[in-house]
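Survey of secondary and tertiary structure
Residues per chain, in single letters:
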Amino acid sequence: MAQPRVVTIHYTLTNNQGEELDSSRGEGREPLSYLEGAQNIIGGLESALTEKSAGDQVKVSVEPAEGYGEINEELVQPVPRTAFEGVDTIEPGMQFQAQTPGGPQVVRVVEVSEETVTIDANHPLAGETLHFDVEVIEARDATEEEQEHGHAH
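Residues numbered from 1 in each chain as written. Predicted model: local features only at pLDDT ≥ 70, side-chain atom pairs only at ≥ 80, totals over all residues. Heavy atoms only, no water.

Focus: the packing of aromatic side chains
- According to the stated counting rule, one finds two aromatic pairs in the structure shown.
- Residues Phe-84 and Phe-96 carry aromatic rings whose centres are separated by 5.0 Å and whose planes lie at 70 degrees to one another, so their mutual orientation is edge-to-face. Residue Phe-84 is located in the loop between strand 5 (76–80) and strand 6 (95–100), and its partner Phe-96 is located in strand 6; the two are separated by twelve residues in the primary sequence.
- Among the residues examined, Phe-84 registers a relative accessible area of 10% and is labelled buried. (Phe/Tyr/Trp six-rings, centres within 6.5 Å; stacked < 30°, edge-to-face > 60°. Helix = DSSP H or I, 4+ residues; strand = E, 2+ residues; numbered from the N terminus. Buried < 20%, exposed > 50% of the residue type's maximum accessible area, 1.4 Å probe, protein only.)

Rendered as structure tokens:
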């Protein structure tokens, strides 16, 4: 197996409508470094960057299955408004951290009624085809410490 690398990239992420969703480019922003094979970034993007070198420019479209997954309707559910005890104002778009059997989970409020609050635990980019415009800034062998820790330093 090849030595894992730490890859540093600048990227711009857009959706199918061409709207910019995220970017590492611009004043005060830093490039993103990740450890290959450590699931630090979505699989579809990492696959497209395998064996790329400093200076390479890549445009890649990542389908939901290789990104944040399809929308799972089971993760959209009503909960009693009493579950938000101590929260005076609840509006669609708000995010909360819920405690689940699998650990903390961020949920988004999608609808509010008198008795219930409908929440969505899908990733905000679930179901989206993601379009990345990437420039590889650096690619180097990972240190032993980075490999042990599972992320770039």
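Having seen it, we continue.
Some words on the pairing of strand 2 (residues 20–23)
- Direction of pairing for strand 1 (residues 5–14) relative to strand 2: antiparallel, over a ladder of three bridges. Residue pairing across strands places Thr-14 opposite Glu-20, the latter belonging to strand 2.
- The antiparallel hairpin formed by strand 1 and strand 2 contains five residues in its connecting segment, where Gly-18 sits at a positive phi of about 85 degrees. (Pairing = 2+ DSSP bridges.)

Considering the UniProt feature "domain: PPIase FKBP-type" (unreviewed entry) in the chain
- Following the UniProt record, one finds the feature "domain: PPIase FKBP-type" (unreviewed entry) at residues 4–83.
- The distance separating the terminal C-alpha atoms of residues 4–83 is 45 Å; by composition the span is 9% helix and 36% strand. (UniProt positions renumbered as here; feature names shortened; annotations may be inferred.)

Observations concerning the sheet that holds strand 6
- Ordered in space as 5-8-7-6, the four strands form an open sheet in which the pairing is antiparallel. Edge positions in the sheet fall to strand 5 and strand 6, since each of these pairs with one other strand and no more. Across the sheet, the mean angle separating the axes of adjacent strands is 45 degrees when strand polarity is ignored.
- Relative to strand 8 (residues 116–120), strand 5 runs antiparallel, the two sharing five bridges. Looking at the pairing, Pro-78 lines up with Thr-118 of strand 8. (Axes fitted to C-alpha atoms, helices over the stretch in contact; angles between N-to-C directions.)

A closer look at the nonpolar core
- If you look at the biggest cluster of nonpolar residues, it comprises 17 residues, and the most contacted ones within it are Ile-9, Leu-45, Leu-49, Leu-130, Phe-132 and Val-134.
- Among residues more than four places away in sequence, those in contact with Ile-9 are Ser-24, Pro-31, Leu-32, Tyr-34, Leu-49, Val-134, Glu-135, Val-136 and Ile-137. (Core = buried A, V, L, I, M, F, W, Y, C linked by side-chain atoms within 4.5 Å. Contact = heavy atoms within 4.5 Å.)

Comments concerning unusual backbone geometry
- Although it is not a glycine, Gln-39 adopts a positive phi angle of roughly 55 degrees.
- The phi dihedral of Glu-51 is positive, around 70 degrees, even though this residue is not glycine.
- Here Glu-51 lies in the loop between helix 1 (43–49) and strand 4 (57–62).
- On the basis of relative accessibility, which here comes to 71%, the residue Glu-51 falls in the exposed class.

Thoughts on the environment of Glu-114
- Among the structural elements, Glu-114 can be located in the loop between strand 7 (103–112) and strand 8.
- When its relative accessible area of 72% is taken as the criterion, Glu-114 is described as exposed.
- For the pair Glu-114 and Asn-15, spaced 99 residues apart in sequence, the C-alpha separation works out to 34 Å.

Remarks on the side chain of Glu-146
- Relative to the assigned elements, Glu-146 resides in helix 2 (residues 144–149).
- Within the structure, the side chain of Glu-146 is placed 2.7 Å from the side chain of Arg-140, a separation counted as a polar contact.
- Side-chain polar atoms of Glu-146 contact the backbone nitrogen of Thr-143, separated by 2.8 Å.
- Not counting the four nearest positions on each side in its chain, Glu-146 is found in contact with Val-6, Leu-35, Arg-140, His-151, Ala-152 and His-153. (Polar contact = N/O pair within 3.5 Å; in protein donor to acceptor, adjacent residues only side chain to side chain.)

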